[in-house]
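# Descriptive analysis of the structure
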Amino acid sequence: MKTYKLSGDYPLLHGGKEYLPGDDVKMDEKLAASKVESGRLIDLDASPEDDGEGMLIGSSVLPAEIEIGEGTVIQLGKLVGFTQEQSGLDINGWNKQPEADREAFLERVLKRLQAFHQAGVANKDKNPTVGEVKKILGEDIDGKSKDAAWAFLESLKPAAT
């Protein structure tokens, strides 16, 4: 039995338990082999390949600069770094995901950041509540994710002089 990280947007039913993307899954190596090859499971014990370890694969869809709202612009590299941190994957795990999964995760995080920005503006630049963000986003969000996104948005603001 080895431990793998589940990637993608869909849950996996294994051993009578449902695993969500980002969860650790213990599975027999033979059973996991095809899922690792397809990118559905990420082998946490795999040695990093010499493919630019330390550099994150970004997006082939999003532009280099993205407006989050009302003149706030984020560099693609910062969005990719923040999204990779939120995914719970290390750099190698992030890079091994199928491109479609990375793009979907980036889009989801971007949508949330835009909602947080809008809620913050409506809240006079104070950290919005989970309820305020949910109202704009239209989906549930946990407090930890909300606070991490708010701190990230705050880091984008120019330093006061």
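In the block above lies the structure referred to throughout.
Residues numbered from 1 in each chain as written. Predicted model: local features only at pLDDT ≥ 70, side-chain atom pairs only at ≥ 80, totals over all residues. Heavy atoms only, no water.

### A few points about the overall build of the chain
Looking only at helices and strands, the chain has six helices and seven strands in total. Expressed as a percentage of its 161 residues, the buried residues of the chain come to 38%. Sequence separation of 24 or more characterises 55% of the internal contacts of the chain that already satisfy a separation of 6 or more. Counting every atom, the chain has about 9,500 Å² of accessible surface; 51% of that belongs to carbon and sulfur. (Helix = DSSP H or I, 4+ residues; strand = E, 2+ residues; numbered from the N terminus. Buried < 20%, exposed > 50% of the residue type's maximum accessible area, 1.4 Å probe, protein only. Contact = heavy atoms within 4.5 Å. Areas by Shrake-Rupley, 256 points an atom, 1.4 Å probe, with all protein chains shown as cover.)

### Digging into helix 1 (residues 29–38)
The α-helix advances 3.6 residues per turn, and as a result positions three or four apart in sequence lie on the same side. The residue sitting at the N-terminus of helix 1 and contributing the capping side-chain oxygen is Asp28; that oxygen lies 3.1 Å from the backbone nitrogen of Lys30. Count one or two residues on from helix 1 and you reach Gly39, which has phi positive near 90°. (Polar contact = N/O pair within 3.5 Å; in protein donor to acceptor, adjacent residues only side chain to side chain.)

### Digging into the nonpolar core
Core analysis: the largest hydrophobic core is formed by 20 residues, its most contacted members being Leu62, Ile66, Ile74, Leu79 and Leu113. Breaking this core down by element, the ones donating at least two residues are strand 6 (65–69), helix 2 (76–87), helix 4 (99–122) and helix 6 (143–156). Residues in contact with Leu113, not counting those within four places in the same chain, are Ile68, Ile74, Leu79, Phe82, Ala149, Phe152 and Leu153. If you look at the next biggest cluster of nonpolar residues, it comprises eight residues, including Leu6, Leu12, Met27 and Ala32. (Core = buried A, V, L, I, M, F, W, Y, C linked by side-chain atoms within 4.5 Å.)

### Overview of the sheet that holds strand 4 (residues 24–27)
Consider a sheet: its strands pair through backbone hydrogen bonds, and that pairing is either parallel or antiparallel. With antiparallel pairing, the three strands of this open sheet are ordered in space as 4-1-5. The open sheet has two edge strands with one neighbour each: strand 4 and strand 5 (41–43). Sheet twist, expressed as the average angle between the axes of neighbouring strands with direction ignored, equals 45°. Where strand 1 (residues 2–6) and strand 5 come together, three bridges link them in antiparallel fashion. If you follow Lys5 over to strand 5, its bridge partner there is Ile42. (Pairing = 2+ DSSP bridges. Axes fitted to C-alpha atoms, helices over the stretch in contact; angles between N-to-C directions.)

### Focus on the pairing of strand 1
Judged by how many residues are buried, strand 1 sits mostly within the fold: four of five residues are covered. Summarising the sheet, strand 1 and strand 4 pair through four bridges and their orientation is antiparallel. Looking at strand 4, one finds that Lys2 is bridged to Met27.

### Remarks on the pattern of salt bridges
All chains considered together, the criterion is met by two salt bridges. Put simply, Lys2 and Asp43 hold a salt bridge, and the shortest N to O gap is 2.9 Å. Of this pair, Lys2 sits in strand 1 while Asp43 is found in strand 5, placing the two residues 41 residues apart along the sequence. Across the pair, Asp43 and Lys2 agree in class, each one buried. Between Asp24 and Lys5 there is a salt bridge whose closest N-O contact spans 3.2 Å. (Salt bridge = Lys/Arg side-chain N within 4 Å of Asp/Glu carboxyl O.)

### Topic: the environment of Asp9
Relative to the helices and strands, Asp9 is located in the loop between strand 1 and strand 2 (12–14). The exposure class assigned to Asp9 is partly exposed, which follows from its relative accessible area of 36%. Separated by 11 residues in sequence, Asp9 and Leu20 have C-alpha atoms that sit 8.1 Å apart. When neighbours within four sequence positions are excluded, Asp9 is seen to be in contact with Pro21, Ala104 and Arg108.

### Regarding the pairing of strand 6
The side chains of a regular strand alternate, first on one face of the sheet and then on the other. In this structure, strand 6 lies alongside strand 7 (residues 72–75), joined through four bridges in antiparallel fashion. The residue of strand 7 that forms the bridge with Gly69 is Thr72. What sits between strand 6 and strand 7 in their antiparallel hairpin is a turn of two residues, with Glu70 showing a positive phi close to 45°.

### Details of the side chain of Gln84
Tracing the sequence through the fold places Gln84 in helix 2. Other than its neighbours up to four places away in sequence, Gln84 contacts Leu56, Leu89, Asp90, Ile91 and Trp94.

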